[in-house]
Amino acid sequence: MLPTPVDDSQGGVDLLFSSPVQSPARLLRELHADPDIQAQLEAERERDRAYERTRLAARSRMGGVLTSSLRLLSSNERVNACVLSVARFVAVVMGVLLVTVPTLLLLLESDIDVSFLHEIRQTPEFEQFHYEYYCPLRRWILCKIRMRFLIDTA
C-alpha cells in the first residue's frame, strides 16, 4: 500500500502536524495525566501481579518435594561429584561393552584361526550360544534383508 501524495501547495507534510487533530504524543500525555485512566492502569497492573503470584505459588506447591530434594542434592557438592563420577563410569562401561562385545562376537564367528579364539569356540557355553542364539538371529536378519530386497525390486 502506497501513501497518498500530499500537494506541497496546500501545506504538505506540515499540514499533517498542524491539523486540528492532536498529535499522538500530546494525546498520550493527556491520557496519562487523567486520574481515572491512571487508576485503571494501576488496577490492571495489580491484577497481572496477583495472577503471577498465584501462578508461581501453584507451581511451587506442585514441585515442592522435588524442588526440596533437588535443592538438597545441589547444595552438597560432594554428593554432586560422586553422582557425576558414577554416571561417567556407567557411561564408559556401557561404551566399552557396546564396542567390545560385537567385536569379540565377529572375531569368534569369523574363520580366523587363532589359538585363543579356537579354544573359546570349543567351549560348551560358546557352542550353546552359537546354536541357540546366534544362528537363529543371523537367519532372521538375512530373511528380513532378503524380503526387503525382494519387495524393493518388485
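Cut-offs and rules
Residues numbered from 1 in each chain as written. Predicted model: local features only at pLDDT ≥ 70, side-chain atom pairs only at ≥ 80, totals over all residues. Heavy atoms only, no water. Helix = DSSP H or I, 4+ residues; strand = E, 2+ residues; numbered from the N terminus. Buried < 20%, exposed > 50% of the residue type's maximum accessible area, 1.4 Å probe, protein only. Areas by Shrake-Rupley, 256 points an atom, 1.4 Å probe, with all protein chains shown as cover. Phe/Tyr/Trp six-rings, centres within 6.5 Å; stacked < 30°, edge-to-face > 60°. Contact = heavy atoms within 4.5 Å. Lys, Arg positive; Asp, Glu negative; His and termini not counted. Salt bridge = Lys/Arg side-chain N within 4 Å of Asp/Glu carboxyl O. UniProt positions renumbered as here; feature names shortened; annotations may be inferred. Expected span 1.5 Å × (residues − 1). Bend = angle between axes of the 7 residues up to and from the residue.

Draft legend 1. Geometry of the overall build of the chain. Helix and strand content of the chain: 7 helices and 0 strands. Listing each helix as α and each strand as β along the chain from the N terminus yields α-α-α-α-α-α-α. In the chain, buried positions account for 6% of the 154 residues. Carbon and sulfur atoms make up 66% of the accessible area of the chain, which amounts to about 13,900 Å² in all.

Draft legend 2. Quick look at the packing of aromatic side chains. Within this structure, the stated rule accounts for 2 aromatic pairs. An angle of 40 degrees between the planes, with centres 6.4 Å apart, marks the rings of phenylalanine 126 and phenylalanine 129 as tilted. A residue pair is termed a helical-turn pair when its members lie 3 or 4 positions apart in one helix, as phenylalanine 126 and phenylalanine 129 do in helix 7 (residues 124–153) at 3 residues. Among the residues examined, phenylalanine 126 registers a relative accessible area of 12% and is labelled buried. Overall, phenylalanine 129 belongs to the partly exposed group, its relative accessible area being 31%.

Draft legend 3. Structural detail: the environment of glutamate 127. Inspection of the secondary structure puts glutamate 127 in helix 7. Judged by its relative accessible area of 35%, glutamate 127 is partly exposed. Sequence-distant contacts of glutamate 127, that is, excluding residues within four places in its chain, are made with Arg121 and Gln122.

Draft legend 4. Examining the side chain of arginine 121 more closely. Following the sequence through the fold, arginine 121 ends up in helix 6 (residues 115–121). No salt bridge is formed by the buried arginine 121; the nearest opposite charge belongs to aspartate 113, separated by 4.8 Å.

Draft legend 5. Expanded view of the UniProt feature "transmembrane region" (unreviewed entry) in the chain. UniProt's entry tags residues 86–108 with the feature "transmembrane region" (unreviewed entry), counted in the numbering of this structure. Taken end to end, residues 86–108 has its terminal C-alpha atoms 32 Å apart, with 100% of it in helix and 0% in strand.

Draft legend 6. Quick peek at helix 7. For helix 7, with 30 residues, the first-to-last C-alpha span of 42 Å sits near the 44 Å given by 1.5 Å per residue. Residue histidine 130 marks the point of greatest curvature in helix 7, where the axis turns by about 40 degrees. Those residues of helix 7 that fall on the buried side of the exposure criterion are Phe126, His130, Tyr134 and Cys135. On its buried side, helix 7 packs onto helix 5 (77–109) and helix 6.

Draft legend 7. A look at the pattern of salt bridges. Applying the stated criterion across every chain yields a total of 5 salt bridges. Between glutamate 42 and arginine 45 there is a salt bridge, with its nearest N and O atoms 3.2 Å apart. On the criterion of helical spacing, the pair formed by glutamate 42 and arginine 45 is a turn pair, its members being 3 residues apart in helix 3 (residues 35–62). One salt bridge connects arginine 49 with glutamate 46, and the closest N-O pair in it is separated by 3.1 Å. One end of the pair, arginine 49, and the other, glutamate 46, are both in helix 3, 3 residues apart, so they sit about a helical turn from each other. Of the residues examined, arginine 49 reaches a relative accessible area of 39% and is grouped as partly exposed. A relative accessible area of 36% means that glutamate 46 is categorised as partly exposed. Look at the salt bridges and you will find they share partners, linking Glu42, Arg45, Glu46, Arg49 and Arg53 into a network.

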